[in-house]
Amino acid sequence: MTDARPQRDVATLLEALPYIREFHGKTVVIKYGGAAMTEPELKEEFARDVVLLKYVGMNPIVVHGGGPEITAYMERLDIPVEFVDGLRVSDKQTVEIAKMVLIGKVNKDIVLLINRHGQPAVGLSGDDGLLFAATKQLSPSGKDIGFVGKIERVDVNVLTHIAQDYIPVIASVGADREGNSYNINADEAAGAVARALGAYKIIFLTDVAGWLDDSGDVISEASAETVEKALQSVTGGMRPKLAACLDAIHGGVNYAHIVDGRVPHSLLLELFTDAGQGTKIGQ
């Protein structure tokens, strides 16, 4: 009896070939978060997937948050944790903890994983090379949420120089002209980076199957216009993701994807298979 597995493997490679050809030389920004950042096996698979993208000629740029780890450290220190409209309320102490966790621990863990799987990565934050120029922002409902920043400018020169030879891994913190540090929502940071670079795609790894309709079913594909009309009624963590998708697409990014990071190799499934998974948003 003939083993069908080699034929399946060949079919998978052939299915991926047109996508590899289409994406060669293109920049893809990946917002890394959720279970993919916390489950050991998923962390390894993510690092391998990013390395593979680099090997097949793409330019992956990783932007990450680290919400669960920030929350864990705040709880250890008995500091209140509060969210408004999906954004963390951040006083100066919270921002200090966020910087320590994101830059000192999470960022370096990701860099080490990618390095170990065969491609050199470089860790950055919004402070490095003045990558992010930030300003204070209110929540979408107009509430003051402390030192939460919105990116006014991304210095693409920093990224384009580094991305020639390395995989940039960016922690979502930044500062304003006066030197005040800000906690920046990682979804918004990824959207701003993709827009500034004119990336071909932006992909958000999250802990849900995609953008869900009122029945709980995944919306597999939507236009930017549809998202814009629906945005005001979206709540929780999906809102900043959809807003970041719109920001990127309005800035010239071709496609935005929201995919389930709990699914092994979800990044590759979305990019290199006909079926894909999650939600795809385009013009």
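A short tour of the structure in this document, coming up. Quantities reported herein were computed from a predicted structural model and do not represent experimental measurements.

### Details of the packing of helix H2 (residues 40-55) against helix H4 (residues 92-116)
Step number 1: Here H2 crosses H4 at 60 degrees, and the two axes come no closer than 8 Å. Between H2 and H4, the crossing angle belongs to the class labelled oblique. Considering how the two elements wind past one another, H2 and H4 form a crossing that is right-handed. For the pair H2 and H4, contact is made by Lys43, Glu44, Ala47, Val50 and Val51 and by Leu113, Ile114 and Arg116, respectively.
Step number 2: Split into classes, the residues belonging to the contact of H2 with H4 amount to five nonpolar, no polar and three charged.

### Section: the sheet that holds strand S8 (residues 167-171)
Step number 1: Strand order in this open sheet of eight strands is S5-S8-S2-S1-S11-S13-S14-S12, and the pairing throughout is mixed. This sheet does not close on itself; its edge strands, each paired only once, are strand S5 (121-125) and strand S12 (221-223). Here the average twist between neighbouring strands, direction ignored, is 20 degrees.
Step number 2: Looking at chain direction, strand S2 (residues 59-64) and S8 are connected through three bridges and run parallel. Residue pairing in the sheet places Val62 in a bridge with Val169 of S8.

### A look at the layout of surface pockets
Step number 1: Volume-wise, the largest pocket comes out at about 570 Å³.
Step number 2: Listed by contribution, the elements that provide at least two residues to the lining of the largest pocket are strand S1 (27-32), helix H3 (67-76), strand S4 (87-88), helix H6 (186-197), strand S11 (201-206) and helix H8 (238-250).
Step number 3: Sort the elements by how many residues they give to the lining of the largest pocket and H3 lands first, with three residues.
Step number 4: Here the residues of the lining of the largest pocket are counted per class, giving twelve nonpolar, twelve polar and five charged.
Step number 5: A volume near 430 Å³ is recorded for the second largest pocket.
Step number 6: Lining the second largest pocket are 24 residues, with Gln137, Lys150, Glu188, Ala243 and Asp247 positioned closest to its centre.
Step number 7: Those elements that provide at least two residues to the lining of the second largest pocket are strand S7 (149-154), H6 and H8.
Step number 8: With six residues, H6 is the largest single contributor of residues to the lining of the second largest pocket.
Step number 9: Here the residues of the lining of the second largest pocket are counted per class, giving 13 nonpolar, three polar and eight charged.

### Quick look at H3
Step number 1: Residues of H3 that are buried include every one of Ile70, Thr71 and Met74, and no others. Within H3, the buried residues cover an arc of 100 degrees as seen down the axis, which keeps them to one side. Of the exposed residues in H3, those oriented more than 90 degrees away from the buried face are Pro68 and Arg76.
Step number 2: Looking at the buried side of H3, the elements it contacts are strand S3 (83-84), S4 and H4.

### Quick word on unusual backbone geometry
Step number 1: For Asp78, which is not glycine, the phi torsion reads 60 degrees and is therefore positive.
Step number 2: Inspection of the secondary structure assignment puts Asp78 in the loop between H3 and S3.
Step number 3: A positive phi is found at His265, a non-glycine position, where the angle reads about 60 degrees.
Step number 4: Within the secondary structure, His265 sits in the loop between strand S13 (255-260) and helix H9 (266-272).

Procedures and definitions
- Residues numbered from 1 in each chain as written.
- Predicted model: local features only at pLDDT ≥ 70, side-chain atom pairs only at ≥ 80, totals over all residues.
- Heavy atoms only, no water.
- Axes fitted to C-alpha atoms, helices over the stretch in contact; angles between N-to-C directions.
- Helix = DSSP H or I, 4+ residues; strand = E, 2+ residues; numbered from the N terminus.
- Parallel < 35°, antiparallel > 145°, perpendicular 65-115°, else oblique.
- Left-handed = near helix turned anticlockwise from the far one by under 90°.
- Contact = heavy atoms within 4.5 Å.
- Nonpolar A, V, L, I, M, F, W, Y, C, P; charged D, E, K, R; others polar.
- Pairing = 2+ DSSP bridges.
- 1 Å grid on protein atoms, 1.4 Å probe; cavity = no way out; pocket = protein on both sides within 12 Å on 5 of 7 lines; lining within 4 Å.
- Points joined across faces, edges and corners; volume = space filled by probe spheres on them.
- Buried < 20%, exposed > 50% of the residue type's maximum accessible area, 1.4 Å probe, protein only.
- Arc of directions from axis to C-beta.

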